[in-house]
Amino acid sequence: QIPFPPFSFTTTDSSTSDAKEKAYQPEVQYIHAAEAYNVTAGAAYAHVDQNFKSASSVTFTPPVFPAPPGGTFKDKPDIDDARGYVYSNVNMPVPVTWTLGLSYQDYDEDAFSKTRANPKVGVQWDVTDSLRLRGAYFKVIKPALASNRTLEPTQVAGFNQFFDDSNGTKSTRFGGGLDWRITQSVAVGAEATRRKMDTPEFVQSGGSVSAKFDEQDEWYHRVYANWMPADRWSVSAEAVFDKYESDKPVDVDQPLEVRTISFPVRVQYFHPAGYFAGVGVSYVDQDVDRSSLAELSDGDDNFMIADLAVGYRLPRRAGIVSLAVQNLFDKEFDYQDDSYREFQDEPSTGPYIPDRAIMGRLTLNF
C-alpha cells in the first residue's frame with residue numbers, strides 16, 4: 001500500500017468592492033418670526049440610487065484543480081426618504097426659551113423601512129445675563145442626505161441632533177448643560193448627554209441583503225473653559241469623557257466598547273495684519289474592547305501629543321492660507337479613531353495620528 005503523499009497549502013483571500021450613489025433632495029421651508037416666538041416648518045424628500053458590487057476569490061499555493069469558485073455579489077438598493085417637521089421657540093416666561101418640535105419621517109430602503117414621529121423638546125433658561133442652563137430631549141431617524149446637507153434645524157437647545165450615523169439609524173438623545181460667562185474675557189461651561197441608537201447593519205445571505213439592528217449607547221460629557229488674556233490671545237481647555245457601547249455588531253472587528261478621556265489645551269495668537277498661530281497639547285487615555293473573534297487589537301493606551309499651526313488671512317476676507325503639524329514630536333501610540341461610527345461621504349482625519357502629519361490648506365472665497 002502506497003501512502004498518500006502529504007501536502008501543505010497556503011491560501012490567499014482577495015476581495016474587491018465598488019459603490020456608486022446618485023441622489024436628489026428637494027426641500028422647502030417656511031420661517032415666521034414674532035416678538036415672543038418663532039416657527040420653522042418644512043418638508044424634504046430624498047431619493048438615492050445605490051449600486052454596490054463586490055467580488056471575492058481564494059487562491060491555493062500550490063494550485064488545486066479544480067480551482068475553488070469565487071463569489072460575486074451585485075445589488076442596487078434604493079432609498080426613499082420623506083419627512084416633514086415643525087419647530088417653535090417660545091419665550092415664556094421672558095428669561096426662558098422653550099423649543100418644541102415634531103418631525104414625521106417615512107424612511108424606506110430595500111432591506112428595511114422605518115416610519116416614526118420624532119418629538120423635540122428643549123429649554124434654555126437665562127438665570128442671569130451671564131449664566132444659562134440648557135436641557136433637551138429628542139428623537140431622530142438619520143435621513144438620507146445628499147452631500148450631508150439639510151435645511152432642517154440641526155440643534156435643539158444647543159445640542160446636536162444629526163450625526164454621521166448610517167442612514168435609517170433611530171436615535172434618542174437627552175442631556176443638560178451650563179454656560180457661564182464669568183467676565184468679558186472668561187467663559188466656562190459643562191455638558192452631559194447620552195444617546196441611544198438602533199443602527200442598521202447589513203447581512204448578505206443567498207444573494208440577498210437583510211438588515212440587523214445593533215443597539216448602541218453613547219455617553220458624551222465635557223467641561224470647558226475659554227480665556228482671552230489679551231486682545232490678540234486666546235486660551236481654551238477641555239476635559240472630555242466619551243464612551244461608546246455596542247450590543248452585537250455584525251462585523252466582529254467592530255468595537256464592543258470604547259472609552260476615551262481627553263484633556264486638550266490650546267493657545268492661539270491673532271495679529272491685526274492677518275497672521276495667526278496656535279499650539280495645542282492633549283493628554284488622551286483610551287480603552288478599547290473587542291470580540292475574541294476580532295482580528296484587530298484591543299487594549300488600553302495613554303499618551304500626550306503636541307500640535308502646531310500657522311496661517312494668514314488674505315485681505316478683504318478673500319481666504320485663508322494655513323500650515324498645520326499634528327503630532328509635532330512624532331510620538332507613537334495606539335488610538336481608535338471614530339471611523340467605526342462615522343459614515344460620511346467625505347474623508348476625514350482623526351484628531352490624534354500616531355505619526356507626524358504636515359498639512360497645508362488654501363481656502364479662497366469668491
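Residues numbered from 1 in each chain as written. Predicted model: local features only at pLDDT ≥ 70, side-chain atom pairs only at ≥ 80, totals over all residues. Heavy atoms only, no water.

### Looking at the overall build of the chain
Logical step 1: In terms of helices and strands, the chain carries zero helices and 19 strands.
Logical step 2: Within the chain, contacts between residues at least 6 apart in sequence are counted, and of these 58% link residues at least 24 apart.
Logical step 3: For the chain, the accessible surface area stands at approximately 22000 Å², while carbon and sulfur atoms represent 56% of it. (Helix = DSSP H or I, 4+ residues; strand = E, 2+ residues; numbered from the N terminus. Contact = heavy atoms within 4.5 Å. Areas by Shrake-Rupley, 256 points an atom, 1.4 Å probe, with all protein chains shown as cover.)

### Focus on empty space enclosed by the protein
Vacant regions in the atomic arrangement are exposed by a probe of water-molecule size rolled over the atoms.
Logical step 1: Counting across every chain of the model gives two cavities of 30 Å³ or more.
Logical step 2: The calculated volume of the largest cavity comes to roughly 40 Å³.
Logical step 3: Forming the boundary of the largest cavity are Arg83, Ser103, Gln105, Asn118, Lys120, Lys139, Val140, Ile141, Pro143, Glu152 and Phe162.
Logical step 4: Put simply, the parts of the chain that give the lining of the largest cavity at least two residues each are strand E6 (96-109), strand E7 (113-126) and strand E8 (131-141).
Logical step 5: A class-by-class count of the residues in the lining of the largest cavity yields four nonpolar, three polar and four charged.
Logical step 6: Each pocket or cavity is described by its volume, and for the second largest cavity that value is around 30 Å³.
Logical step 7: In terms of lining, the second largest cavity is formed by Val140, Lys142, Gln161, Phe162, Phe163, Asp165, Thr169, Ser171 and Arg195.
Logical step 8: Broken down by class, the residue content of the lining of the second largest cavity amounts to three nonpolar, three polar and three charged. (1 Å grid on protein atoms, 1.4 Å probe; cavity = no way out; pocket = protein on both sides within 12 Å on 5 of 7 lines; lining within 4 Å. Points joined across faces, edges and corners; volume = space filled by probe spheres on them. Nonpolar A, V, L, I, M, F, W, Y, C, P; charged D, E, K, R; others polar.)

### Some remarks on the pattern of salt bridges
Logical step 1: Scanning the entire structure with this criterion turns up 15 salt bridges.
Logical step 2: Across the pair Glu218 and Arg341 runs a salt bridge, and its minimum N-O distance is 3.1 Å. Of the two residues, Glu218 sits in strand E13 (residues 208-230) while Arg341 sits in the loop between strand E18 (319-326) and strand E19 (357-364), which places them 123 residues apart along the sequence.
Logical step 3: For Arg341, a relative accessible area of 15% puts it in the buried group.
Logical step 4: Between Arg341 and Asp338 there is a salt bridge, with its nearest N and O atoms 3.1 Å apart.
Logical step 5: You can call Asp338 partly exposed: its relative accessible area is 29%.
Logical step 6: What you see here is one network of salt bridges that share partners, running through Asp165, Arg195, Glu218, Asp242, Asp338 and Arg341. (Salt bridge = Lys/Arg side-chain N within 4 Å of Asp/Glu carboxyl O. Buried < 20%, exposed > 50% of the residue type's maximum accessible area, 1.4 Å probe, protein only.)

### Overview of the environment of Tyr269
Logical step 1: For Tyr269, the position within the fold is in strand E15 (residues 257-270).
Logical step 2: With relative accessibility at 23%, the residue Tyr269 sits in the partly exposed group.
Logical step 3: For the pair Tyr269 and Arg232, spaced 37 residues apart in the sequence, the C-alpha separation amounts to 5.6 Å.
Logical step 4: Contacts of Tyr269, omitting those with residues within four sequence positions, involve Arg232, Trp233, Tyr275, Phe276 and Ala277.
Logical step 5: Within the structure, the side chain of Tyr269 is placed 3.3 Å from the side chain of Arg232, a separation counted as a polar contact. (Polar contact = N/O pair within 3.5 Å; in protein donor to acceptor, adjacent residues only side chain to side chain.)

### Notes on the side chain of Lys114
Logical step 1: Within the element layout of this structure, Lys114 appears in strand E7.
Logical step 2: It is Asp198 that comes nearest to the buried, bridge-free Lys114 among opposite-charge side chains, at 6.2 Å.
Logical step 3: Ignoring anything within four residues of it in the chain, the contact list for Lys114 reads Gln105, Asp106, Tyr107, Ile141, Gly168, Lys170 and Phe213. (Lys, Arg positive; Asp, Glu negative; His and termini not counted.)

### Some points on the packing of aromatic side chains
Logical step 1: Going through the model one piece at a time under the given rule, you end up with 15 aromatic pairs.
Logical step 2: Aromatic side chains Phe112 and Phe202 sit 6.2 Å apart centroid to centroid with 40° between the ring planes, which places their arrangement in the tilted category. In this pair, Phe112 is assigned in the loop between E6 and E7 and Phe202 in strand E12 (residues 186-205), connecting sequence segments 90 residues apart.
Logical step 3: Geometrically, the ring pair formed by Tyr335 and Tyr352 is edge-to-face, given 5.2 Å between the ring centres and 90° between the ring planes. (Phe/Tyr/Trp six-rings, centres within 6.5 Å; stacked < 30°, edge-to-face > 60°.)

### Here we look at the nonpolar core
Logical step 1: Tyr85, Tyr87, Ala136, Phe138, Val140, Val156, Ala157, Phe159 and Phe162 form the largest nonpolar core, which has nine residues in total.
Logical step 2: Of all the elements in the fold, those that place two or more residues in this core are strand E5 (78-91) and E8.
Logical step 3: The dominant element in this core, judged by the number of residues it contributes, is E8, at three residues.
Logical step 4: Counting six residues, the second largest nonpolar core, distinct from the first, contains Ile79, Phe112, Ile141 and Ala144. (Core = buried A, V, L, I, M, F, W, Y, C linked by side-chain atoms within 4.5 Å.)

### Observations concerning the pairing of E7
Logical step 1: Where E6 meets E7, 13 bridges bridge the pair, whose relative direction is antiparallel. By the bridge assignment, Asp106 is partnered in E7 with Thr115.
Logical step 2: Where E7 meets E8, seven bridges bridge the pair, whose relative direction is antiparallel. In the sheet register, Gly122 faces E8, and the bridge partner there is Ala136.
Logical step 3: The hairpin turn running from E7 into E8, its antiparallel successor, is four residues long. (Pairing = 2+ DSSP bridges.)

### Overview of a nonpolar patch on the surface
Logical step 1: On the surface, Met92, Trp98, Leu100, Val121, Tyr137 and Phe174 cluster together into a nonpolar patch covering about 550 Å² of accessible area.
Logical step 2: Looking at the element boundaries, Tyr137 is found in strand E8.
Logical step 3: Overall, Tyr137 belongs to the partly exposed group, its relative accessible area being 35%. (Patch = residues over 30% accessible without salt bridge, like charges linked within 9 Å, V, L, I, M, F, W, Y side chains within 5 Å.)

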